[in-house]
Structures are given as C-alpha cells and as structure tokens.
Amino acid sequence: MCRRILLFSAALCVVACGSTGGGSADGGGADGETDASLADTSMQQESGFPEASGGDAGADAPTRADAATDAESHADAGTDADAESHSDTGTDSAPDAASLADSDSSSDSAPESGAHDASDGSTLGPITGGPCSSGAAGATAIRIEFIDAAGTADVQWLVEGDPDRSNDSAGTYGYTIPFTPSYVDQFLAQGGVALDDSDFIDIGMSTVGLTSITSATLSVYGRSYDVSTNGSFNWQTFDGTGQTATDFVSNVPPYQWYSADMTTEIGPGENNALVRIKAGPSSNSLVVNQVEICLVAQ
C-alpha cells in the first residue's frame, strides 16, 4: 500500500513539472501573456502615452492613434498661427495710397490704381473713403489738399473712395496761358490755392459702379481771401450748375468747412464726371486748402 502511494505521488510530480517547462519554452502560456502585457505597459509609460485599461496592446492602439492625432492638430495650429502672423506683418508693412501720392505730389493725376485709401478703413456701400472730414452725409469719394511747392499750389491726393478711379484727376487752371496756381495765406492759416475770377479748380472722377446717388455734397475748406468781405463758391458739371448763398464763406481765420448740396449735378454711371469750382460774391476770391466730395450711393 505504501509503495502504491509513493508511485502515485511520483507520477503527479512528473506531470506537474512537465506543464511548467512546456509553458516556459513555448512562450504561449498564461505567464507568457502576463510577461508580454507587462512589457507593453512598460513601453507605454516610457513613451508618454496613457496606459489603456486592461493593459493589452489591442486596447492601447486607439489611445496611441488619438495621441498622434492630437500632436498633428497642435502642429497644424502652430503652422496656422505662424502663417497668420506673417500675413499680418506683410499687411502692416505695405505702403498705402496716401504714401504713394506723397512721392509725386506735383502731379495733378490721381495715384495709380490699387486699393482704395480710407482714413479709417470704413465703408458705406460702394464708397470706401471713410467718414467725411467736412461732416457731410455719406462717405468720402474724393478729398484733395493743396500744398506749397515753392509758392506754387500743387495737388496732394488724400482720399479716393470712388469705385472706379480710372479718370480721377484734379488741378487749378487759369483763363489765360501761361498760368501758375499760387499758394497763399500761409502766414494767417494753413494756406491754400488762391481762387478768384481768373482761375478755377477742376476735379475729374467717375461714378461708374454706382447705380444710384441719394446725396452728393461738395465741400471746401478755407476762407474768403479778402480782408473786408465774405465770399462764396459755385460749381458746374455736365449735369447742371449750383451755387452757395452770397457771403456763405467767412473771411475770418481759422479755416472752416463749407458744404453745399450738389445731388442734382452728378449722376450714377458717368465715366467722365467733371466738377468745376469757382469763387463767388461778394469777394469773388477764396483761399482753398482742401476740397471734398461725399456721396450717399449704391
């Protein structure tokens, strides 16, 4: 009986030792799976990816893909931010239309075609010149200034906000030839072009691109150039004529804006609109520093 028990115990020992050895050699037993799982968990921790629940490679794969996607997303965001930054820098450094006009202030022609200049970037319908300095309704279609060029009054373009600038021009012309526009009054005020019964200001523009003009305002900035008498101004276009009241423009410095309604004297869709400005009674003499045309248009 004792021998049978010993033989049975020995057989059990042989069977148990053989199972453990087979699993270790093949790497396919439960211990092998545990070792692989631990190795995978170790790799996760070293790589910085979060450990998946359950600790197996199959559950871990989506987590790694998500992390890669996040990394790609951050990289794209950084690229977009850099591109935006470079774009802003380029925009800030680009010259505007006013600076181009400054480089050739002796020319009566408008600056070359390009982005419309606006004093503050604002628009009102198709007119992009921003608010009117004169306080008139609408937005600025054209604003020019007369500057001193060694005693000669030259035109400097300040704002062009009309949709089509191809025919924009401005200058002072005389009834006799030769004629040189004089820059005067720089000791009492800013100074400007002398305008009397021997000369006139012409402003050429286009209203192509406009389908309607609800309001048009012509404004001059200056004063009556007479020590004792106020003055006025009148205008003429291909559509009609108009004038302010007599003595509408004061002769007392400082300069002020004087505005008049010229809605019926300018129409939409005109390729060669011309506005001619002349001094009127009582003085028949003005000094004009700036001229502005404002439109409410569509």
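Residues numbered from 1 in each chain as written. Predicted model: local features only at pLDDT ≥ 70, side-chain atom pairs only at ≥ 80, totals over all residues. Heavy atoms only, no water.

Looking only at helices and strands, the protein has four helices and twelve strands in total. Burial status across the protein gives 37% buried among its 298 residues. Taking the intrachain contacts of the protein between residues at least 6 apart in sequence as the baseline, contacts between residues at least 24 apart amount to 70%. Taken as a whole, the protein presents about 15900 Å² of accessible surface, with 54% of it coming from carbon and sulfur. (Helix = DSSP H or I, 4+ residues; strand = E, 2+ residues; numbered from the N terminus. Buried < 20%, exposed > 50% of the residue type's maximum accessible area, 1.4 Å probe, protein only. Contact = heavy atoms within 4.5 Å. Areas by Shrake-Rupley, 256 points an atom, 1.4 Å probe, with all protein chains shown as cover.)

For the rest of this paragraph, the subject is the environment of glutamine 256. Along the chain, glutamine 256 falls in strand S10 (residues 256-261). Put simply, glutamine 256 and asparagine 289 are 33 residues apart on the chain and 9.8 Å apart in space, counted from C-alpha to C-alpha. Beyond its immediate stretch of four places on either side in the chain, glutamine 256 contacts Val220, Tyr221 and Gly222.

Moving on to the pattern of salt bridges. Evaluated as defined, the whole model comprises four salt bridges. The closest approach of N and O atoms between arginine 143 and glutamate 292, which form a salt bridge, is 2.7 Å. Of this pair, arginine 143 sits in strand S1 (residues 139-149) while glutamate 292 sits in strand S12 (residues 286-297), placing them 149 residues apart in sequence. Comparing arginine 143 with glutamate 292 shows no difference in burial state: the two are buried. The closest approach of N and O atoms between aspartate 202 and arginine 276, which form a salt bridge, is 2.8 Å. Of the two residues, aspartate 202 is situated in strand S6 (residues 199-205) and arginine 276 in strand S11 (residues 273-280); the sequence distance between them amounts to 74 residues. (Salt bridge = Lys/Arg side-chain N within 4 Å of Asp/Glu carboxyl O.)

Right, let's get into the confidence of the model for the protein. Taken over all residues, the pLDDT of the protein has a mean of 72, while the share at 70 or more is 58%. Low pLDDT (under 50) marks residues 1-107, which in the prediction has 39 contacts with non-local residues, meaning those over four places away or in another chain. (pLDDT = per-residue confidence, 0-100.)

Another point: the side chain of aspartate 202. Look at aspartate 202 and you get buried, because its relative accessible area is 10%. A distance of 2.8 Å separates the side chain of aspartate 202 from the side chain of arginine 276, its partner in a polar contact. Residues contacting aspartate 202, with those up to four places away along its chain left out, are Ser169, Ala170, Gly171, Tyr173, Leu274, Val275 and Arg276. (Polar contact = N/O pair within 3.5 Å; in protein donor to acceptor, adjacent residues only side chain to side chain.)

Tracing the backbone shows glutamine 243 in strand S9 (residues 240-243). Under the relative-accessibility criterion, glutamine 243 is labelled exposed at 63%. Along the sequence, glutamine 243 and lysine 278 sit 35 residues apart, while their C-alpha atoms lie 9.4 Å from each other. In contact with glutamine 243, not counting residues within four places along its chain, are Phe233, Asn234 and Trp235.

What follows is about unusual backbone geometry. The amide bond that connects isoleucine 177 to the next residue, proline 178, takes the cis arrangement and shows omega of 0°. With respect to the helices and strands, proline 178 occurs in the loop between strand S3 (169-174) and strand S4 (183-184). In this structure, the amide linkage connecting proline 253 to the following residue, proline 254, adopts the cis form with an omega of 0°. Looking at where proline 254 falls in the secondary structure, it is placed in the loop between S9 and S10. For aspartate 185, which is not glycine, the phi dihedral falls at a positive 65°.

Moving on, we get to the packing of aromatic side chains. This model, assessed by the stated rule, comprises seven aromatic pairs. The rings of Phe233, Trp235, Phe248 and Tyr258 are connected pair by pair, giving a single aromatic cluster. Over the ring of phenylalanine 200 we find arginine 276, and its NZ or CZ is 4.0 Å from the ring centre. (Phe/Tyr/Trp six-rings, centres within 6.5 Å; stacked < 30°, edge-to-face > 60°. Lys NZ or Arg CZ within 6 Å of the ring centre and 35° of its normal.)

On to the sheet that holds S11. With antiparallel pairing, five strands are arranged side by side in an open sheet as S3-S6-S11-S8-S9. Because the sheet does not close on itself, it has two edges, and the strands there are S3 and S9. Each neighbouring strand pair of the sheet contributes to a mean axis angle of 20°, computed without reference to strand direction. Summarising the sheet, S3 and S6 pair through six bridges and their orientation is antiparallel. Its bridge partner being in S6, tyrosine 173 is matched across the sheet by phenylalanine 200. (Pairing = 2+ DSSP bridges. Axes fitted to C-alpha atoms, helices over the stretch in contact; angles between N-to-C directions.)

What follows is about the side chain of threonine 140. As for its placement among the helices and strands, threonine 140 is situated in strand S1. From its side chain, threonine 140 meets the backbone oxygen of proline 131 in a polar contact 3.1 Å long. When residues no more than four places from it in sequence are discounted, the contact partners of threonine 140 are Ile127, Gly129, Gly130, Pro131, Cys132, Val159, Gly161, Glu292, Ile293 and Cys294.

We now examine the pairing of strand S2 (residues 152-160). The buried fraction of S2 is high, at seven of nine residues. Strand direction decides the pairing type here: S1 and S2, joined by eight bridges, are antiparallel. Directly across from glutamate 145, in S2, lies its bridge partner glutamine 156. Between S1 and S2, which follow one another and run antiparallel, lie two residues, and alanine 150 among them has a positive phi close to 55°.

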